[in-house]
Amino acid sequence: MSQIPGPEYLAWQANTSSPLEHINTPQGPPQKVIKEIAEACKHYGFFQVKNHGVPKEVIDKMLSISREFFHLPESERMKNYSDDPMKTTRLSTSFNVKTEKVSNWRDYLRLHCFPLEDYIHEWPTNPPSFREDVGKYCKSARELALRLLEAISESLGLERGYINSALGKHAQHLAINFYPPCPQPELTYGLPGHADPNVITILLQDDVPGLQVLKEGKWIAVNPIPHTFIVNLGDQIQNRPPPIGCKSRAGPERGIS
Ligand SMILES: O=C(O)CCC(=O)C(=O)O
């Protein structure tokens, strides 16, 4: 993982980042990485991770099935539409179209995904391999989240299992964000600056840039690195008002996250 303060992490600002590695070892990451995680969490609330254990082909299928879904005919996509935020599987747009006055230029498919067997039957059946591809991705992403929470616990000087056992059987949600081409991108956001209300977000970008992270009043672009995740600490494990956030500008066309 990377994107942390200190000379070796200036790459974060220059956008040539060198993500932290070796999160996926049976005994947990080495102490060097644990220290880097501590620094990243303290100063950014964000870091990137590669060698994370989520297979490349699972990531590639996730990206391509997402693209396929959002390129289905509207009538097909709309079978999943709902403006009810309580629904556990739904396609929607912006943030909350029922309450907001100004909308953002984003469509999203939001799925509850743990336990998988409780929700997978609600998921889209088109494209035909959607459930299989997304189910595999969710399983792998959850394993990574659990390992990351162990590493974060350790970086705080706690027992490795501390955060996971404090959370119990924690839920897992997946949001697939799609940023359609915008004729007047200067008038809107894909997503405005925000913090995530959860514990931890594992963000997968496609190859189109747009994500920015707030650090000491400045928005820093986080350009995509293939097969690399961006990890964002959510409000539930921040111990102070978040100094960070993230936003996406409506670009020509952005894929999933
Ligand atoms: O799509 C992105 O790059 C950011 C997504 C995000 O911040 C969110 O869904 O909360």
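Conventions we followed
Residues numbered from 1 in each chain as written. Predicted model: local features only at pLDDT ≥ 70, side-chain atom pairs only at ≥ 80, totals over all residues. Helix = DSSP H or I, 4+ residues; strand = E, 2+ residues; numbered from the N terminus. Buried ≥ 20, exposed ≤ 12 C-beta atoms within 10 Å, placed from the backbone. Contact = placed C-beta atoms within 7 Å. Axes fitted to C-alpha atoms, helices over the stretch in contact; angles between N-to-C directions. Parallel < 35°, antiparallel > 145°, perpendicular 65-115°, else oblique. Nonpolar A, V, L, I, M, F, W, Y, C, P; charged D, E, K, R; others polar. pLDDT = per-residue confidence, 0-100. Pairing = 2+ DSSP bridges.

J.: Explain the overall build of the chain here, please?
T.: Assigned secondary structure in the chain consists of 7 helices and 10 strands. Among the 257 residues that make up the chain, the fraction classed as buried is 36%. If you take every contact in the chain between residues at least 6 apart in sequence, the share linking residues at least 24 apart comes to 72%.

J.: When you look at the packing of helix H2 (residues 31-43) against helix H6 (residues 130-155) in this model, what are you seeing that I'm missing?
T.: Each pair of packed helices can be described by the angle between their axes along with the distance between the axes. Running from amino to carboxyl end, H2 crosses H6 at an angle of 85 degrees, the nearest separation of the two axes being 8 Å. Of the possible angle classes, the one that applies to H2 and H6 is roughly perpendicular. Contacts from Ile34, Ile37, Ala38 and Cys41 of H2 reach H6 at Ala151, Ile152, Glu154 and Ser155. By residue class, the composition of the contact of H2 with H6 is 6 nonpolar, 1 polar and 1 charged.

J.: Where do I start with the confidence of the model for the chain in this structure?
T.: The predicted structure's coordinates, where accompanied by low pLDDT, should not be read in detail. Counting all residues, the mean pLDDT for the chain is 82, and 82% of those residues have values of 70 or more. Helix H5 (residues 116-119) holds the highest mean pLDDT among the elements of the chain, 98, whereas helix H1 (residues 11-14) holds the lowest, 31. Scored below 50 in pLDDT, residues 1-18 makes 49 contacts in the model with residues more than four places away or belonging to other chains. Within the model, the stretch residues 241-257 combines pLDDT values under 50 with 73 contacts to residues more than four positions away or in other chains.

J.: What should I look at first to understand the sheet that holds strand S9 (residues 229-233) in this one?
T.: Strands pair in a sheet through their backbones, by hydrogen bonds, and they do so in one of two ways: parallel or antiparallel. Pairing is antiparallel in the open sheet, where 3 strands are placed in the order S1-S9-S6. Since the sheet does not close on itself, it has two edges, and those belong to strand S1 (46-49) and strand S6 (200-204), each with one partner. Averaged over all adjacent pairs, the angle separating strand axes in this sheet is 25 degrees, with direction ignored. Pairing analysis gives 4 bridges linking S1 to S9, with the strands arranged antiparallel. Each residue of the ladder has a partner; that of phenylalanine 47, found in S9, is valine 231.

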